[in-house]
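Coordinates in review
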Amino acid sequence: MSRIEQIIDEVIRAEGGYANDPDDAGGETMYGITSAVARKNGWDGPMRELPLPLARQIYRDRYVRVPRFDDVVALDAAIGAELVDTGVNMGPARAAEFLQRWLNGFNDTGRRYSPLFVDGRVGDITLASLRAFLAWRGAEGRRVLLRALNGVQAARYLEIAEARPSQRRFLFGWVLNRVEV
């Protein structure tokens, strides 16, 4: 099984099966795929019956290939997995934005690699900057970047819960199931 397929399995495990909580801003989901996303991908049946192979294909296309997180996985599987998971939960652009912001922040006065325009899209410059960061900082840099990405993810969950009190009941689970320390 490829690393991408393992990441998708991890996401599906974290997301669970069918859910339709009226307080969940995501609405009706199956395997973490929202009804709106399923419909955009051709599913017109009941969400409870969304086929697992279709859910996996949606994850592969929308949350791995299109945002180029597969290219990040090729550079570092753990960082790529973090971006996929965050992208599923907050949108791929937000996950890419988090990566770009932290790479800029860690750039030692902008001399180690090209500064990034934070546009929420992983492109060749973002990938080159990540490659340079990992070459420069090594295993320790990888650990610190993962902590940083998880920190900003946790902070975003808190912002969501503060802005929409109905989401507070989900905050503990989001952090428990999504934020590694």
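Shown above is the structure to which this text applies.
A brief look at the structure comes next. (Residues numbered from 1 in each chain as written. Predicted model: local features only at pLDDT ≥ 70, side-chain atom pairs only at ≥ 80, totals over all residues. Heavy atoms only, no water.)

1. Regarding unusual backbone geometry
Even without a glycine there, the phi angle at Y31 is positive, about 60°. Inspection of the secondary structure puts Y31 in the loop between strand 2 (29–30) and strand 3 (33–34). One non-glycine residue, T109, lies in positive phi territory at about 60°. Mapped onto the fold, T109 is located in the loop between helix 6 (92–105) and helix 7 (124–163). The exposure class of T109 is exposed, given its relative accessible area of 66%. (Helix = DSSP H or I, 4+ residues; strand = E, 2+ residues; numbered from the N terminus. Buried < 20%, exposed > 50% of the residue type's maximum accessible area, 1.4 Å probe, protein only.)

2. Looking at helix 1 (residues 3–15)
With 13 residues, helix 1 should reach 18 Å at 1.5 Å per residue; the first-to-last C-alpha distance of 18 Å fits that figure. Among all positions in helix 1, only I4, E5, I7, I8, D9, V11 and I12 are buried. Considering only its buried residues, helix 1 is in contact with helix 3 (52–65), helix 4 (69–75), helix 5 (77–90) and helix 8 (168–178). Looking one or two residues past helix 1, G16 carries a phi angle of roughly 80°, positive in sign. (Expected span 1.5 Å × (residues − 1). Contact = heavy atoms within 4.5 Å.)

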